[in-house]
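# Examining the three-dimensional arrangement
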Amino acid sequence: MKTNRILPAGVAAAVAVAIGLSVSAPADARDVKGGGGARNNVSSGANRSPAANRDAGPKREGNANRDTNINRNTNVNRDTNINRNTNVNKNTNVNVNRDRNVDIDVDVNHRGGWDNDWDDHHHPVATGMAIGATAAITSAVIGSMVYSLPPQCQTVVVNGIGYNNCGGTWYQPQYVGTSVQYVVVAPMQ
Amino acid sequence: MKQGLGKIAMTGRSARLAGAAWAAGVMLAVNGAAWAQQAAAPAPAVAPAPATAAVVNAKAVERLNAMGAYLRSLKAFTVNADVTVEEVLDSGQKVENALAIEIAARMPDKLRVSTTSAERSRKIYYDGKTVTIFGEKLGYYGSFPAPATIAQTVDVAAQKYGLEVPLADLFLMGTDKFDTKSITEAIYVGPQLIGGVLCDQLAFRQPGVDWQVCIERGKAPLPRKLVVTGTDGDPAQPVRRSILTWKAGSAPDAAAFTFVPPKGATRIAVKEAAK
């Protein structure tokens, strides 16, 4: 029960008393859950929620790119739009398009890459593993992959398949699972 | 989304075969007569026994198989899933992402899946010949040739193209692609109400996956809730939870499963998964 409580126990109890609730409510819940031998299997499961394991994640630390856009803007922008521009440079190639008519920047860096659709071809980007973030025109090596395109691209259909011409650098968008990635290709024209 | 779609059935894993004989042995030793097979034992006055003894409640497996058989008996269905996907932040805090999935199917060879979240939407069409994935906002679609049935197509999509059809287990349960022999633990959690529907919650463990399903009581044993926890990946074990709402027997007409590119949509390539 404790781990599921958002308020600290003491506060919750005080609130419950203050609004005239009986503190026996948790006991009722326990009655419901308690009966039956088979149930014990559930609550005694060793896999329950070992918080101790949580920080040990080798996987999480293995992603070398991940730290690049952590904590962007944190809470600084949250209450006002006025300062937003001053922080843009901090984010370099990430997060610029992430604001969607709201004054809260998304702070979560979705791990492992994530193309979202919101800004169509200019969608913001999380880090990729072997995959770069938003394309920088100067570093477009043929065969390299990005999750989003630079601005000002033109869609061109060649042999029935779509390509993007972004200022002379050509990308081939492709589905990889449900994600769209963009591969730099040799100019098509 | 790299969390994976939380499919339970594992295809082409050696763990499946290795687990089979052992799991079968355990099951033979179990009396399947009662749900609560430990209830007969005197209640332990002290700490519960260490969690080393694996329990396979044969009744739970039986219910699972009955659900699979019922799913396979449906000629058509539409199911809506309210899905919550946990994500583990670098700080260790878990946060949740929400998405909605709608699956419409006509057996054996028509499938349409829509996944919608605030930031990304995709539709998958399978008309018996071709699979098309479409991102409406991007205006991109890509296709590949598909085999003759939904179950085969789900496999090919995952293995050849890295395209995991959400809730693909719904099409694999009750077939030999859903290998209940690899289940190492099976317990009955208890009755639950999911969206007002009374169901029995079962919990299973198998190599790499802990999962739970709440199966509706009565003549239509449908899965009402599915909870999948990967146990061999992120040690924080993020959970994927789906609440399912069914229209059993009902699906759109066959024509609705063929993708017709809207005006302005662009065909793009579909990458084959690395071998």
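Located above this text is the structure these notes cover.
Residues numbered from 1 in each chain as written. Chains lettered and ligands numbered in written order. Predicted model: local features only at pLDDT ≥ 70, side-chain atom pairs only at ≥ 80, totals over all residues. Heavy atoms only, no water.

Our focus in this paragraph is helix H2 (residues 58-73) of chain B. Residue and element names in this part refer to chain B. The end-to-end C-alpha separation of H2 is 22 Å, in line with the 22 Å expected for 16 residues at 1.5 Å each. Here H2 has its buried residues at Ala58, Ala60, Val61, Arg63, Leu64, Met67, Gly68, Tyr70 and Leu71. A distance of 2.9 Å separates the backbone nitrogen of Lys59 from a side-chain oxygen at the start of H2, and that oxygen is part of Asn57. (Helix = DSSP H or I, 4+ residues; strand = E, 2+ residues; numbered from the N terminus. Expected span 1.5 Å × (residues − 1). Buried < 20%, exposed > 50% of the residue type's maximum accessible area, 1.4 Å probe, protein only. Polar contact = N/O pair within 3.5 Å; in protein donor to acceptor, adjacent residues only side chain to side chain.)

Our focus in this paragraph is the environment of Glu86(B). Residues and elements named next belong to chain B. Here Glu86 is to be found in strand E1 (residues 76-88). Take Glu86: its relative accessible area is 11%, and that puts it in the buried class. A C-alpha to C-alpha distance of 4.5 Å links Glu86 and Glu96, two positions 10 residues apart in sequence. Separated by 3.5 Å, the side chains of Glu86 and Lys94 make a polar contact.

Residue and element names in this part refer to chain B. Throughout the structure, instances matching the rule amount to eight aromatic pairs over all chains. Both rings, one in Tyr141 and one in Phe259, keep their centres 5.0 Å apart while their planes meet at 50°; by these two values the pair is tilted. Of this pair, Tyr141 sits in strand E6 (residues 140-145) while Phe259 sits in the loop between strand E11 (239-248) and strand E12 (266-267); the two residues are 118 residues apart in sequence, bridging distant segments of the chain. The exposure class of Phe259 is buried, given its relative accessible area of 13%. Arranged with centres 5.8 Å apart and planes meeting at 85°, the rings of Phe178 and Trp211 form a pair that is edge-to-face. Remark: Trp211 occurs in strand E9 (residues 209-216) and Phe178 occurs in the loop between helix H4 (169-172) and strand E7 (185-194); sequence separation between them is 33 residues. (Phe/Tyr/Trp six-rings, centres within 6.5 Å; stacked < 30°, edge-to-face > 60°.)

The subject of this paragraph is unusual backbone geometry. Of note, the amide linkage connecting Met107(B) to Pro108(B) takes the cis form, showing an omega dihedral of 0°. Within the element layout of this structure, Pro108(B) appears in the loop between strand E2 (94-106) and strand E3 (110-116). At Asn159(A), a residue that is not glycine, the phi angle is positive and equals roughly 50°. With respect to the element layout, Asn159(A) can be found in the loop between strand E3 (154-158) and strand E4 (161-166). Asn159(A) sits in the exposed class, given a relative accessible area of 78%. In this structure, Leu167(B) is a non-glycine residue whose phi angle is positive, near 55°. Here Leu167(B) falls in the buried class, since its relative accessible area comes to 11%.

So, about the sheet that holds strand E8 (residues 197-206) of chain B. Sheet strands associate in pairs through backbone hydrogen bonding, adopting either a parallel or an antiparallel arrangement. Residues and elements named next belong to chain B. On the basis of which strands lie adjacent, the open sheet formed by 12 strands has the order E7-E8-E9-E10-E11-E1-E2-E3-E4-E5-E6-E12 and mixed pairing. Bordering the open sheet on either side are E7 and E12, each of which pairs with just one other strand. Pairing analysis gives seven bridges linking E9 to strand E10 (residues 223-230), with the strands arranged antiparallel. Residue Trp211 lies in a different strand from E10, and its bridge partner there is Val228. On top of the sheet, helix H3 (residues 150-161) reaches E2, E3, strand E4 (121-126), strand E5 (130-135) and E6; it is set at about 110° to E6, its chief contact. (Pairing = 2+ DSSP bridges. Contact = heavy atoms within 4.5 Å. Axes fitted to C-alpha atoms, helices over the stretch in contact; angles between N-to-C directions.)

Residue and element names in this part refer to chain B. Among the six residues in E6, five count as buried, and that is most of the element. The sheet contact formed by E5 and E6 spans six bridges and is antiparallel. Within E6, the position partnered with Thr130 by the bridge is Pro145. As paired strands, E6 and E12 are joined by two bridges and run parallel to one another. Note that in E12 the partner of Tyr140 across the bridge is Thr266.

Turning our attention to H3(B). Helix length check: H3(B) (12 residues) gives 15 Å between terminal C-alpha atoms against 16 Å at 1.5 Å per residue, within 8%. Buried residues of H3(B): Ile150(B), Ala151(B), Thr153(B), Val154(B), Asp155(B), Ala157(B), Ala158(B) and Tyr161(B), and no others.

A few words on the side chain of Thr180(B). All names here are of chain B. As for its position among the elements, Thr180 is in the loop between H4 and E7. Judged by relative accessible area, Thr180 falls into the buried class, the value being 15%. The contacts of Thr180, once residues within four sequence positions are left out, are Val61, Leu64 and Asn65.

All names here are of chain A. Counted according to the given criterion, the structure contains two disulfides over all chains. The partner cysteine of Cys153 in its disulfide is Cys166, sulfur to sulfur 2.0 Å. On the S-S bond that ties Cys153 to Cys166, the torsion sits near 110°, and the link is right-handed. Taken together, the positions of Cys153 in the loop between strand E2 (145-148) and E3 and Cys166 in strand E4 put the pair 13 residues apart, joining distant regions of the chain. (Disulfide = S-S within 2.5 Å.)

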